[in-house]
Amino acid sequence: MSTGNRSCGSCTACCDGWVQMVIGDNPVHPGSPCPHSTGKGCAIYSDRPVDPCVNFHCGWVIKDSPLPGWMQPQTSGCIVLFNKLSWNNIPVDLAMPVGVKIPQRSLTWLKAFSEQHGRPLIFTEQIMQKGKYTNQQKVLGHGTVEFQQNLLQWLKEGRKLW
Ligand code: SF4
Ligand code: SF4
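Note that this is a predicted model, so its numbers are computed, not measured.

Chemist: I would appreciate a short explanation of the overall build of the protein in the present structure.
Modeler: On a plain count of helices and strands, the protein comes out with four helices and six strands. Secondary structure elements of the protein, listed N to C terminal, follow the sequence β-β-α-α-β-β-α-β-β-α. Computed over the C-alpha atoms, the radius of gyration of the protein is 16 Å, within 12% of the 15 Å expected from 2.2 N^0.38 for a compact globule of 162 residues. Referenced to the eigenvectors of the C-alpha coordinate spread, the extents of the protein come out at roughly 45 × 40 × 30 Å. The buried share among the 162 residues of the protein stands at 28%. A separation of at least 24 residues holds for 46% of the contacts in the protein among residues at least 6 apart in sequence.

Below is the structure:
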């Protein structure tokens, strides 16, 4: 993928299981990359599914991304999706790790961005069992107390957030 100012380069993080999705009949999750990922790109790029692939808007690649260069997913250890949901008419951003957890430097940047712009942040961590990925994620939030309480309630209700 590329936009006016950025392209994926050697990053294939979104195709390698760090974004949970289903491609054809294949569930893609940590430890189970998309079968079309070559490790360098997409083997069916021109025929890739519209949903989720064409409609996927990686926060680092989007035009005029506020993410600095070093936040490229391969180096930052996280994938950011802006405006993934809305809370009280405020955009909420989502960040997921490329690995078990978002590295501290990246998380600190994301939390500061969230505070500066008044945009709640939801971020995830992979749940491991016996050293292996389980396909389950812990969901955490950063924002006002009210937002955190709402998020906890949504999680308790098992509400689908995105
Ligand atoms: S995570 Fe972003 S930068 Fe990396 S391959 Fe996907 S779209 Fe490109
Ligand atoms: S079909 Fe291609 S673009 Fe879509 S997840 Fe698989 S490798 Fe990535």
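Chemist: Hey, could you run me through the site of ligand 1 in this one?
Modeler: Neighbouring ligand 1 are twelve residues; Cys8, Cys11, Ala13, Cys14 and Cys58 lie closest to it. In terms of residue class, the shell around ligand 1 is built from ten nonpolar, two polar and no charged.

Chemist: I would appreciate a short explanation of the nonpolar core in the present structure.
Modeler: A general trend in soluble globular proteins is that nonpolar side chains are found buried together. Ranked by size, the top nonpolar core spans 30 residues in total, and within it Cys14, Trp18, Cys78, Ile79, Val80, Ala95 and Phe123 carry the most contacts. Elements with a contribution of two residues or more to this core: β3 (78–87), β4 (90–97), α3 (104–117) and β5 (121–129). In terms of residue count, β3 provides more of this core than any other element does, four residues in total. Those residues in contact with Trp18, other than ones at most four positions away along the chain, are Ala13, Pro30, Ile79, Met96, Pro97 and Val98.

Chemist: What is the right way to read the site of ligand 2 from this model?
Modeler: By nearness alone, every residue bordering ligand 2 is listed as Cys15, Ile23, Cys34, His36, Ser37, Cys42, Ile44, Arg48 and Cys53. Taken together, the residues of the shell around ligand 2 break down into six nonpolar, two polar and one charged.

Chemist: Explanation requested: the pairing of β3 in the structure shown.
Modeler: Within a regular beta strand, the side chains point alternately toward one face of the sheet and then the other, so they alternate between its two faces. Where β3 lies against β4, seven bridges are found, and the strand directions are antiparallel. By the bridge assignment for β4, Leu81 is matched with Leu94. If you look at the hairpin formed by β3 and β4, you'll find two residues sitting between the two strands, and Asn88 has a positive phi there, around 50°.

Chemist: Sorry if this is basic, but what is going on with the environment of Arg119 here?
Modeler: Considering the arrangement of structural elements, one finds Arg119 in the loop between α3 and β5. Judged by the 18 C-beta atoms lying within 10 Å of it, Arg119 falls in the partly exposed class. Distance in space between the C-alpha atoms of Arg119 and Ile90 is 6.7 Å, their sequence separation being 29 residues. The contacts of Arg119, once residues within four sequence positions are left out, are Ile90, Pro91, Val92, Asp93 and Ser114.

Chemist: What exactly am I supposed to notice about helix α4 (residues 145–157) here?
Modeler: Owing to its 3.6 residues per turn, the α-helix aligns residues three or four sequence positions apart on the same side. If you check α4, its first and last C-alpha atoms are 18 Å apart, about what 13 residues at 1.5 Å a residue would give, namely 18 Å. The element α4 is largely exposed, with a buried count of one among its 13 residues. Immediately beyond the C-terminal end of α4, within one or two residues, lies Gly158, with a positive phi of roughly 70°.

Chemist: Explanation requested: the sheet that holds β5 in the structure shown.
Modeler: Sheet strands pair via backbone hydrogen bonds, and the direction of the pair is either parallel or antiparallel. Pairing in this open sheet of four strands is mixed, and the strands run β3-β4-β5-β6 from one edge to the other. Each having just a single partner strand, β3 and β6 (132–142) make up the two edges of the open sheet. Here the average twist between neighbouring strands, direction ignored, is 25°. Of the strand pairs in this sheet, β5 and β6 are connected by eight bridges, and their pairing is antiparallel. Paired with Glu125 across the strands is Lys138, a residue of β6. Taken strand by strand, α3 contacts β3, β4, β5 and β6, and its axis lies near 150° from that of β5. Of the strands in this sheet, β3, β5 and β6 touch α4, which is tilted by about 145° from β6.

Criteria and thresholds
What you see as residue numbers is a count from 1 along each chain, following the sequence as written. Each chain takes a letter, starting from A, and each ligand takes a number, starting from 1, following the order in which they are written. Predicted model: local features are reported for residues with pLDDT of at least 70 only, side-chain atom pairs are reported and counted for 80 or more only, and whole-chain, interface and lining totals are derived from all residues. Put simply, DSSP marks the helices as runs of H or I at least four residues long and the strands as runs of E at least two long, and each gets a number from the N terminus on. As defined in this context, the radius of gyration uses C-alpha atoms, and a globule is described by 2.2 Å times the residue total to the power 0.38. Exposure criterion: with C-beta atoms placed from backbone coordinates, a residue whose C-beta has 20 or more other C-beta atoms within 10 Å is buried, one with 12 or fewer is exposed, and one in between is partly exposed. Note that contacts rest on C-beta atoms placed from the backbone: two residues are in contact if these are within 7 Å. Near, for a residue, is defined by distance from a backbone-placed C-beta atom to a molecule or strand, with 6 Å as the limit that must not be exceeded. Amino acids outside the nonpolar list (Ala, Val, Leu, Ile, Met, Phe, Trp, Tyr, Cys, Pro) and the charged list (Asp, Glu, Lys, Arg) are all regarded as polar, and Gly is one of them. A set of buried residues drawn from Ala, Val, Leu, Ile, Met, Phe, Trp, Tyr and Cys, joined through C-beta atoms within 7 Å, is what defines a nonpolar core. The criterion for strand pairing is that DSSP finds at least two bridges linking the strands in question. Each residue after the first adds 1.5 Å to the expected span of a helix. Axis definition: a line fit to C-alpha positions, over the contact stretch in the case of helices; interaxial angles, taken between N-to-C directions, run 0 to 180 degrees.

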